[in-house]
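What follows is each chain in one-letter form.
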Amino acid sequence: MLRTSASRVLDDSDREEVLALLDSDPVANVFVASRVRSVGLNPARLGGQMWGFGPRGGMTSLCYAGANLVPVNAGQEAVHAFAERARRQGRRCSSIVGPVAAVEPMWEILHPYWGPARAVRWAQPVMVISTPPLVAPDPRVRRVRPEEFETVLPACVAMFTEEVGVSPDTGDGGALYRTRVAELIRIGRSYARLDDRQVVFKAEIGAVTPQACQIQGVWVHPDRRGEGHAVAGMAAIVDHALKCFAPVVTLYVNDFNTVARAVYRKVGFTEVGTFMSVLF
């Protein structure tokens, strides 16, 4: 039996309190904090709602409810409140993602109503680095230029399909995904090594705050794997990110992806927490 919801929909008048809560764990909350800092809390701009748990001036937990459902600093009571609101609203997200301590009980509550997930990633180590990489950066990894969009897009689609298990072209034909790829290129947060117009390595910095930034979409061309491009490429992005974006670089990775975890450790990343993702 679910408890009565004690959550509420937040707006821009809650911005300072929300940011203070998000900044209490800038690594775990980098995605949500980046969204709030960029567009505020108005649902039309945010691309979803921000739910708060606790009274104004004493808020303890948040939940971003957009394309992803992301609990923030959510203890047992907040998890129940957010899950009740999500159940009543109906599933509008493509995933639930966040700290395993919140996502696991949230999914336990929602599973009977939202049905089986397409995939559940039970343990995703959160990794960070705040010092120069331990290996030499690849000097050929650079920012992608806008005119290279069509060259890089197939690599982005391949990465997404390989990682998530479905193509980003499903549903809207890939329009939203193309827009996001183009936007990251436009704002200078898409990086790649291109050899003769072939993408050898690529990754993006998907979220940025003054405290941390998050790397996503790491991919090496299948024909070029095993040549050290992931290690040197990641070193290049970390080096640039620390100089240009934030003092801490973070990412999260599936626990079963032992190759990727080894790459990140070789670059200098260490594990500081665990996420969980439920994919629909």
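Here, every reference points to the structure presented above.
Small disclaimer: the values here were computed from a predicted structure and weren't measured. Counting restarts for each chain, with residues numbered from 1 along the sequence as it is written. In keeping with the predicted nature of the model, local features appear solely for residues at pLDDT of at least 70, side-chain atom pairs appear and are counted solely at 80 or more, and the whole-chain, interface and lining totals rest on all residues. To obtain the side-chain values, all non-hydrogen atoms of the structure were included, while hydrogens and water were left out.

### Considering the overall build of the protein
To keep it simple, the criterion reads: Helical segments are the DSSP runs of H or I of at least four residues, strand segments are the runs of E of at least two, and each set is numbered from the N terminus. In this treatment the radius of gyration is a C-alpha quantity, and the globule benchmark scales as 2.2 Å times the residue count to the 0.38 power. For the exposure calls, accessible area comes from a 1.4 Å probe over protein chains only, and a residue counts as buried if that area is under 20% of its type's maximum, exposed if over 50%, partly exposed in between. We get accessible surface area from the Shrake-Rupley algorithm with a probe of 1.4 Å; when it comes to residues, only the shown protein chains can shield them. A residue counts as positive if it is Lys or Arg and as negative if it is Asp or Glu; His and the chain ends are not included. Every charge is mapped to an atom, namely NZ of Lys, CZ of Arg, CG of Asp or CD of Glu.
Looking only at helices and strands, the protein features 9 helices and 12 strands. Whereas a compact globule of 280 residues would reach a radius of gyration of roughly 19 Å, the protein reaches 19 Å, a difference of no more than 12%. Based on the C-alpha atoms only, the size of the protein along its principal axes is roughly 60 × 35 × 35 Å. Considering the protein as a whole, with its 280 residues, one finds that 52% of them fall into the buried category. Total accessible area computed for the protein in this model is approximately 12800 Å², and 53% of it derives from carbon and sulfur atoms. In the protein, which carries 31 positive and 28 negative side-chain charges, the distance between the mean positions of the two groups comes to 2 Å.

### Some thoughts on the nonpolar core
As a rule of thumb, nonpolar side chains are buried together in soluble globular proteins. The following threshold applies: Residue types Ala, Val, Leu, Ile, Met, Phe, Trp, Tyr and Cys, when buried and joined through side-chain atoms within 4.5 Å, form a set referred to as a nonpolar core. Any pair of residues with heavy atoms lying within 4.5 Å of one another is described as a contacting pair.
In terms of nonpolar packing, the biggest core is built from 28 residues, with Ile215, Met234, Tyr264 and Phe269 touching the most fellow members. Of all elements in the fold, only strand 6 (119–129), strand 9 (198–208), strand 10 (213–220), helix 8 (229–244), strand 11 (249–252) and helix 9 (258–267) reach the threshold of two or more residues within this core. What Tyr264 contacts, discounting residues up to four positions off in sequence, is Met127, Val218, Met234, Leu251, Val253 and Phe269. Formed by 24 residues, the second largest nonpolar core is a distinct cluster that contains Leu69, Cys93, Ala102 and Met106.

### Digging into the environment of Ser167
Rules: Polar contact criterion, stated in full: a pair of N or O atoms within 3.5 Å, where within protein one must be able to donate a hydrogen and the other to accept it, and residues adjacent in sequence count only if both atoms are side-chain atoms.
Mapping Ser167 onto the fold places it in the loop between helix 6 (149–164) and helix 7 (175–186). Classification of Ser167 by relative accessible area gives partly exposed; the value is 22%. Among all residues touching Ser167, those that are not within four sequence positions of it are Val157, Phe160 and Thr161. Within polar-contact distance, the side chain of Ser167 engages the backbone nitrogen of Asp169 at 3.0 Å.

### Some words on the pattern of salt bridges
The criterion, for reference: Note on definitions: salt bridges are taken to be side-chain nitrogens of Lys or Arg within 4 Å of carboxyl oxygens of Asp or Glu.
Under the criterion given, the structure shown has 23 salt bridges. As a salt-bridge pair, Glu163 and Arg121 come within 3.7 Å of each other at their nearest N and O atoms. Separated by 42 residues along the polypeptide, Glu163 in helix 6 and Arg121 in strand 6 bring together distant segments of the chain. A relative accessible area of 13% means that Arg121 is categorised as buried. Members of the salt-bridge network, linked through shared partners, are Asp138, Arg140, Arg193, Asp195, Arg224 and Glu227.

### Points about the sheet that holds strand 4 (residues 68–72)
For clarity, the cut-off: What makes two strands pair is DSSP finding at least two bridges between them. Axis geometry follows a simple rule: fit a line to the C-alpha atoms, using only the stretch in contact for helices, then measure angles between N-to-C directions, giving values from 0 to 180 degrees.
If you trace the 12 strands from one edge of the open sheet to the other, you get 1-2-3-4-5-12-6-11-10-9-8-7, paired in mixed fashion. Looking at strand neighbours, the two that pair on one side only are strand 1 (7–9) and strand 7 (142–143), the edges of this open sheet. Where strand 5 (residues 95–99) lies against strand 12 (residues 270–279), 5 bridges are found, and the strand directions are antiparallel. Its bridge partner being in strand 12, Gly98 is matched across the sheet by Met276. Along the sheet face, helix 9 touches strand 6, strand 10, strand 11 and strand 12 and points at about 10° away from the line of strand 6.

### Remarks on helix 6
To keep things clear, this is the line we draw: Helix span, expected: 1.5 Å multiplied by one less than the number of residues in the helix.
The terminal C-alpha atoms of helix 6, which comprises 16 residues, lie 21 Å apart, in line with the 22 Å expected from a rise of 1.5 Å per residue. Listed in full, the buried residues belonging to helix 6 are Phe149, Thr151, Val152, Leu153, Ala155, Cys156, Val157, Met159 and Val164. Tucked into the core, helix 6 has its buried residues touching strand 6, helix 7, strand 8 (190–195), strand 9, strand 10 and strand 12. Gly165 lies just past helix 6 and shows a positive phi near 100°.

### Let's talk about empty space enclosed by the protein
Condition: Think of a 1 Å grid over just the protein atoms. A cavity is a set of points where a 1.4 Å probe fits yet cannot get out, a pocket is an open set with protein on both sides within 12 Å along at least five of seven lines, and lining residues have an atom within 4 Å of a point. Grid points are joined across faces, edges and corners, and a volume is the space filled by probe spheres set on the points. Throughout, the ten residues Ala, Val, Leu, Ile, Met, Phe, Trp, Tyr, Cys and Pro are labelled nonpolar, Asp, Glu, Lys and Arg are labelled charged, and all others, Gly among them, are labelled polar.
Inspection of the entire model under this criterion finds 1 cavity of 30 Å³ or more. Along its surface, the largest cavity is lined by Trp51, Ala65, Gly66, Asn68, Leu69, Ala86, Gln89, Gly90, Arg91, Arg92, Cys93 and Trp114. Of all the secondary structure elements, the ones that give two or more residues to the lining of the largest cavity are strand 4 and helix 4 (76–89). Residue composition of the lining of the largest cavity, by class: 6 nonpolar, 4 polar and 2 charged.

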